[in-house]
Amino acid sequence: QIDGYMPRSISTDNGKIWTQSKSPFPALTSGQRPCILRLASGRLFFCGDFQNKQSQKPPTITETGCYVALSDDEGETWVPRIAAEDPAHRLCYWDHHFHRWSGGNVLAVGWMDDKGRPGASRISSFISRDQGESWTVPRTLEFQGGYSDLMQIPGGPLALIYVVRGEKPGIRVRLGDPGGEAWDSSDALVLYSHNP
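Attention here is on the structure that accompanies the text. Computed from a predicted structure; not experimentally measured. (Residues numbered from 1 in each chain as written. Predicted model: local features only at pLDDT ≥ 70, side-chain atom pairs only at ≥ 80, totals over all residues. Heavy atoms only, no water.)

### Some points on the nonpolar core
Then comes step 1: Residues Phe45, Cys66, Val68, Ala83, Phe98, Phe126 and Trp135 are the most contacted members of the largest nonpolar core, which totals 16 residues.
Then comes step 2: At the level of elements, strand 3 (44–47), strand 5 (66–71), strand 6 (79–84), strand 7 (91–100) and strand 8 (106–114) are the ones that each hand at least two residues to this core.
Then comes step 3: Ranked by size, the runner-up nonpolar core spans 13 residues in total, among them Leu107, Ile123, Ile127 and Val164. (Core = buried A, V, L, I, M, F, W, Y, C linked by side-chain atoms within 4.5 Å. Buried < 20%, exposed > 50% of the residue type's maximum accessible area, 1.4 Å probe, protein only. Helix = DSSP H or I, 4+ residues; strand = E, 2+ residues; numbered from the N terminus.)

### A look at the pairing of strand 9 (residues 122–128)
Then comes step 1: Within strand 9, six of the seven residues are buried, which leaves it mostly tucked inside the rest of the structure.
Then comes step 2: Bridge analysis of strand 9 against strand 10 (residues 139–144) gives three bridges, and the strand direction is antiparallel. Across the sheet, Ser125 pairs through a bridge with Arg139, a residue of strand 10. (Pairing = 2+ DSSP bridges.)

### So, the packing of aromatic side chains
Then comes step 1: Across all of its chains, the model carries seven aromatic pairs by this definition.
Then comes step 2: Taken together, a centroid distance of 6.0 Å and an interplanar angle of 50 degrees make the contact between Phe45 and Trp135 tilted. Highlighted residues: Phe45 in strand 3 and Trp135 in the loop between strand 9 and strand 10, separated in sequence by 90 residues. In terms of burial, Phe45 and Trp135 fall into one category: buried.
Then comes step 3: Ring centres of Phe126 and Trp135 lie 5.9 Å apart, and the angle between their planes is 85 degrees; this geometry places the pair in the edge-to-face category. Like Phe126, the residue Trp135 is buried in the burial classification.
Then comes step 4: Grouping aromatic residues by their ring pairs yields a cluster made of Phe45, Tyr93, Phe98, Phe126 and Trp135. (Phe/Tyr/Trp six-rings, centres within 6.5 Å; stacked < 30°, edge-to-face > 60°.)

Coordinates in, geometry out; function isn't part of it.
Right, dumping it as structure tokens:
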């Protein structure tokens, strides 16, 4: 990270020389690990967990949204897209991990905070079926949790690995259908429990 910007550099000689850093979001800083996916169409997909630079907030960017950027020219230019946003600025979307599935869909899973209910984090997910151009309305899963990630079990379901805080803190695994649309009603495994 350079001067509050998340840089983007390109090397065409196996890393010996790099181009000057650029940012898909010059008005935002990244507070969480960024990543770049190559989608089925060849398009580059940039995502991260962003925060505003206070004096440079464009009118389309809020502190509560989840943003991505798309590039069809190998990262020379980027087009921002809003993956999730609450028009009322009450819900905050954090730590979303984006996964490209074999069918071409991009599934995001992370957690959502409600400013009106401090401490009641919920896992949220949304899907793009058109290479990141548009996204489904974010939905919260029926079970409470925070920071989460996905693993595809070969030939089987998705495994959602997530953190539970509060009364029974721990790290748990819940299984769901391959598309991430539905999840089991109970956990398949407890990896760690603070209260054994």
